[in-house]
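# Observations on the three-dimensional arrangement
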Amino acid sequence: MQKANTEQAQLVKEISNVDTRKCMKCGKCSASCPSYEEMDIRPHQFVSYVQNNKVNELMESTSLWKCLSCFACVERCPRDVKPARLIEAVRLMVIRQKGQNYLLPDEVPELLDEEVPQQLLASAFRKYSK
Amino acid sequence: MQRIGVFVCHCGTNIAATVDVEKVVEMVKKEQGVVHAEEYQYMCSEAGQSKIREAIKEKQLTGVVVCSCSPRMHENTFRKAAEKAGLNPFLVEIANIREHCSWIHKDREEATEKAVILARAAIAKVNLNTPLQAGESKVVKRALVIGGGIAGIQTAIDIADAGYEVDIVEKTPSIGGRMSQLDKTFPTLDCSACILTPKMVEAASYTYSEVEKVSGFVGDFFVDIRKKARSVDMSKCTGCGVCTEKCPSKKGKSEFNRGLSNRSAIYTPFAQAVPNVPVIDREQCTKFKTGKCGVCAKVCAAGAIDYEQKDEIITGNYGAIVVATGFDTISLDKFDEYSYNQSPDVITSLEFERLTNAAGPTKGKLVRLSNHEKPKSVAFIQCVGSRDVTCRGKSYCSKICCMYTAKHAMLIKDKYPDIDVHVFYIDVRTPGKNFDEFYRRAVEEYGVNYIKGQVGKVAEVDGHLLVQAVDMLDNKRIMLNVDMVVLATAIEPDPSVREIATMLTASIDTNNFLTEAHPKLRPVESPTAGVFLSGVCQGPKDIPETVAQAGAAAVKAIGLLAKDKLVTNPCVAKANELFCNGCSNCEHVCPYGAISYQDKEVNDHGVRETRRVAFVNSAICQGCGACTVVCPSGAMDLQGFSNRQILAEVDAICR
Ligand SMILES: Cc1cc2nc3c(=O)[nH]c(=O)nc-3n(C[C@H](O)[C@H](O)[C@H](O)COP(=O)(O)OP(=O)(O)OC[C@H]3O[C@@H](n4cnc5c(N)ncnc54)[C@H](O)[C@@H]3O)c2cc1C
Ligand code: SF4
Ligand code: SF4
Ligand code: SF4
Ligand code: SF4
């Protein structure tokens, strides 16, 4: 059962410790994001969605599994908003709902090649767990 | 024996609704020294004041207590009324039974009781009051302006126009400031030099000089000014420029051209410099470094070169000081994503001003610094470091960049219509007369491509610059190839402002901008009496605003200089010479530097001897009372707020 959207949004803000009101909608997070083209909801939109209590849409979004956790958005945001933390928080909510991981640690090496960025390793379990 | 009158105000219902004023009158009548008590609806009105005046005369009052609103509001009113009736104004006390009582209480009985206690305390104090005489201090009819940008120049001219003498202290070799570096200026696009140069010639100044020490106080400041050695005799130099031409050491970076060109070791910052006298940069000069060379001295027909010249300290006496130290742009070292330190084709807006200026390093030809070719496309990035709350930037809007970026975009399109111009913005902020129209012209007439979205990254790829951004209105990624990127870098106060503020005991905010005495009502005065603020040193501003503020600062300074004498506050500290042991405790805590020591002959019960005793300069003392607290001998006391008076108040409250 999905909870009411406002409650969900509150939870996302609590898990991430992000104050979405600080965002001035400059788009620098999205402009810095290496995964931008892959995402359906872009980092700057992600912030707006949480602000507007649209968390169910975020839980369905592919962005959750495309974010590399590279933290470029966090590094560059002039308002210290930390969009990646929001993405991470929504990811956690989805994972907690499903309850278990899809991928085992031993399976990871096979799936990797030289092109894969380091940061991806860290979030690999969570990503493939959907 | 004192004869005290007490006047209790209703303040309409402000006081009377919560405090039983009749009861207060009844109660205070029992207090020591009280010979008269009455209440009235509005004590501050003319009728109320005349009641006070009449009572003083009829009952020969020696002291007055008004139970009313805060002394902030009407202390002066009641003091003046008493003075008119022949009573020393410092024999009037206020018991604040509005803000301190009726406004914050609901219970009528409790409030009334408190009002009586407050009145009692004031009566106890008045019982010990003594008449005080406000002193006078002189006003030196001369002003000092620190900083010779447009703000300082305009303030100086306005003060001089009113008939007072003014000196400008400017740290660089010429006055003019940032405005002299600009090409054309918004919103009219007239040539910056053409409107500035005549003003520069008008104002006399100490250039290549810095303020070293400030002492004294409002009306009578003493300022030590260090005139740095120019190594050129100003009285002999004709400004012919042969020395700068012939100087073989040409490796110095021109500060005026923001490092975009070199200058010789002996140089004039720019052709229209005022004064038109060069200086020798001793760090760069071969003669100073190795003892050889001396070419400039050989070629100077006027014999003006003087390698032996020393720094000179001049002490000036001034009635008013205006700070006009202006600004600089922030360092871009923390903004690696824009490649400013990596690519010569990424420049700041101030560098752009020099590049597009006919008197600049390229004679106004817009070229890429990497290959000296004309760019085909240029991207401007706004808000670089502005509105940025992280440790990298400044939280405030720099206020001028939206406008000058529109100006730059139009200047390019005007000269080279074939160049593509893009502007990345977060918000376009153009409030000001004819400002929004100016920006719209860039879009509608000149076809400048405005894109809403902050740039994420600028990278050098195959000899081009790749700008990575997002169009926030289309929600689309933008990968733009351009030849040149111009960064609208945030501005910050000149770094020297901290030191200047400390010398003047003027306060600065967390961003190092000078703080106003009141942000709305006293915007051009600093909280330190006699110190005024002009231009960007107080906050980001464009030229029209700077000039308006410069005029306002001038008027405030003139208002001060026009007075023959200043009335000083008599509620100042005073040392009892017999008690003082010269320990220096008070001197150390005084935040205004009002205390010094004198060797004085005292007669201590028949014993005559010379002692080191504290002396309070009453013109500097602000009556804060810090010294009275630390004095171990109880020698220091504040007039009008003596230890005895304060304790009498406490006793009255505890009774
Ligand atoms: C790229 C750019 C373009 C601009 N274009 C425009 C425009 O088109 N139109 C417009 O209206 N505005 C424009 N401006 C804004 C304009 O430059 C400022 O409004 C104006 O220069 C402010 O003048 P000021 O005298 O307060 O400061 P400044 O011009 O900075 O002058 C301060 C002076 O004080 C001196 N000084 C500093 N500290 C000391 C010290 N301790 N002792 C002695 N002297 C000291 C400095 O050397 C300097 O000469 C532009 C600004 C920039 C950055
Ligand atoms: S960079 Fe920060 S302020 Fe700008 S849109 Fe993204 S989250 Fe908001
Ligand atoms: S952390 Fe995720 S959202 Fe942020 S820039 Fe990296 S990939 Fe994009
Ligand atoms: S003036 Fe414009 S570009 Fe400059 S900081 Fe303010 S909003 Fe940004
Ligand atoms: S009262 Fe305050 S300002 Fe006056 S001398 Fe004492 S410490 Fe200094």
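Here the structure is shown first, and the text comes after it.
These remarks concern the structure in this document. (Residues numbered from 1 in each chain as written. Chains lettered and ligands numbered in written order. Predicted model: local features only at pLDDT ≥ 70, side-chain atom pairs only at ≥ 80, totals over all residues. Heavy atoms only, no water.)

### A look at the overall build of chain A
Broken down by element type, chain A carries nine helices and zero strands. Taken from the N to the C terminus, the helices and strands of chain A come in the order α-α-α-α-α-α-α-α-α. The buried share among the 130 residues of chain A stands at 50%. Within chain A, residue pairs in contact and separated by at least 24 positions form 70% of the contacts whose partners lie at least 6 positions apart. Per element, the accessible surface of chain A, about 7,000 Å² overall, is 47% carbon and sulfur. (Helix = DSSP H or I, 4+ residues; strand = E, 2+ residues; numbered from the N terminus. Buried < 20%, exposed > 50% of the residue type's maximum accessible area, 1.4 Å probe, protein only. Contact = heavy atoms within 4.5 Å. Areas by Shrake-Rupley, 256 points an atom, 1.4 Å probe, with all protein chains shown as cover.)

### Remarks on the pairing of strand S4 (residues 92-96) of chain B
Residues and elements named next belong to chain B. The buried fraction of S4 is high, at five of five residues. Neither face of S4 is open: one carries Val 92, Ile 94 and Asn 96, the other Glu 93 and Ala 95, and all of them are buried. Pairing geometry for strand S3 (residues 63-68) and S4, over five bridges, is parallel. In the strand pairing of S4, Val 65 is matched with Glu 93. Each parallel crossover has a hand, and for S3 linked through helix H4 (residues 71-84) to S4 it is right-handed. (Pairing = 2+ DSSP bridges. Right-handed = clockwise from strand over helix to strand, strands pointing away.)

### Quick word on the side chain of His 36 of chain B
Residues and elements named next belong to chain B. Tracing the backbone shows His 36 in strand S2 (residues 34-40). A polar contact of 2.9 Å, which involves the side chain of His 36, links it to the side chain of Glu 38. Apart from the residues within four sequence positions on either side, His 36 is in contact with Ile 4, Gly 5, Val 6, Phe 7, Ala 55, Lys 59 and Leu 61. (Polar contact = N/O pair within 3.5 Å; in protein donor to acceptor, adjacent residues only side chain to side chain.)

### Observations concerning the state of the cysteines
All names here are of chain B. For the structure on display, the rule yields one disulfide over all chains. Between the sulfur atoms of Cys 191 and its disulfide partner Cys 194 the distance amounts to 2.5 Å. Here the disulfide of Cys 191 and Cys 194 is right-handed, its torsion about the S-S bond being about 90 degrees. Left without a disulfide partner, Cys 9 is nearest to the cysteine sulfur of Cys 11, which lies 5.2 Å away. On the basis of relative accessibility, which here comes to 6%, the residue Cys 9 falls in the buried class. Lacking any disulfide linkage, Cys 583 is separated from the closest cysteine sulfur, that of Cys 631, by 6.1 Å. (Disulfide = S-S within 2.5 Å.)

The analysis is restricted to geometry; functional conclusions fall outside its scope.
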